[in-house]
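# Geometric and topological summary
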Amino acid sequence: PSEDIEAPAILLRDQAGEILAGLGFSEIITYSFISPDSADRLGAGKESPIRSFVTLQNPLTTEQSVMRTSLVPGLLETVKENIYHGETDLKMFEWGNIFIARDPDSLPLERLFLSAIMTGRYHRDGLHSEARQVDFYDMKGAVEVLLRSLGLSRTEFKRHTPEPWYHPGFSCRIYAVSYTHLTL
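Our subject in this report is the structure included herewith.

Each value, and the rule that gives it
Residues numbered from 1 in each chain as written. Predicted model: local features only at pLDDT ≥ 70, side-chain atom pairs only at ≥ 80, totals over all residues. Heavy atoms only, no water. Salt bridge = Lys/Arg side-chain N within 4 Å of Asp/Glu carboxyl O. Helix = DSSP H or I, 4+ residues; strand = E, 2+ residues; numbered from the N terminus. Buried < 20%, exposed > 50% of the residue type's maximum accessible area, 1.4 Å probe, protein only. Pairing = 2+ DSSP bridges. Phe/Tyr/Trp six-rings, centres within 6.5 Å; stacked < 30°, edge-to-face > 60°. Lys NZ or Arg CZ within 6 Å of the ring centre and 35° of its normal.

Now for the pattern of salt bridges. This model, assessed by the stated rule, comprises seven salt bridges. The partner of arginine 51 in a salt bridge is aspartate 40, and the shortest N-O contact between them spans 2.7 Å. Of the two residues, arginine 51 is situated in the loop between α2 (38-42) and β3 (66-67) and aspartate 40 in helix α2; the sequence distance between them amounts to 11 residues. With a shortest N-O distance of 2.7 Å, aspartate 138 and arginine 132 are connected by a salt bridge.

See the structure below:
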C-alpha cells in the first residue's frame, strides 16, 4: 500500500526533474543533516519554523547535528563551493525532504520540497546576444514553464516576502488557480 502512495510523488519528481534538466538545471543532492547555525545565517527570526530542528542524539559533528528544515542552506552552500572553485554561472535544483520537530512524543513532520537557484550569467556572449546576469524574471520564467508542463495552466505570482533571506522586491508566492491536466 505505501508504494501506491509514494508512486505519484516519485513520478512527479521524475517528470519535474526532466523538465528542469531541459531548462538547463542540474540536480544536486545535499545532506539531510545540517548545522543549527543555518537558521542564523539565513536571518530567521526566533519564532521561525525553520528553527524547529530535529536534533540528532549522536551526531558525527556539530555541523551535522540537526535535520534540515529547509533546502535553502544546502543550495547556498553548494553555490558557495562552486563560486570558490570559479564556477559562477549556475542553475541547480534539489528535491528533498525537510523535517520539522513537533512535540517530543510525536515523529517530526516530513515534507518533500523542490528548491532551485540560478546565479551568474543567463547565457554567454553569442553571435546574436550579449551575456547578461540572471534575474528574478529568469527564475520566474523557469517556474512558469515547469508548472505549465506539469499541468498547472493558470498560476498567479503575488509579491510576498515570507522569510528574511528573500529579497523584498524580488520574491513572491505562487498560487495555482486551476489544473488542466497532471500526467503522472
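On to the pairing of strand β4 (residues 90-100). Of all 11 residues in β4, 10 are buried; the element is thus mostly enclosed. As paired strands, strand β1 (residues 26-27) and β4 are joined by two bridges and run parallel to one another. Following the sheet pairing, glutamate 27 is matched in β4 by phenylalanine 93. One ladder, built from 11 bridges, connects β4 with strand β5 (residues 109-119); its direction is antiparallel. Pairing of leucine 90 across the sheet is with threonine 119, part of β5.

This paragraph deals with the packing of aromatic side chains. Tallied over the entire structure, the rule returns one aromatic pair. Ring centres of phenylalanine 136 and tyrosine 137 lie 5.1 Å apart, and the angle between their planes is 85°; this geometry places the pair in the edge-to-face category. The ring of phenylalanine 157 is capped by lysine 140, whose NZ or CZ atom sits 4.7 Å from the centre of that ring. Across the ring face of tyrosine 175, the terminal group of lysine 158 is positioned such that the distance to the ring centre comes to 5.2 Å.

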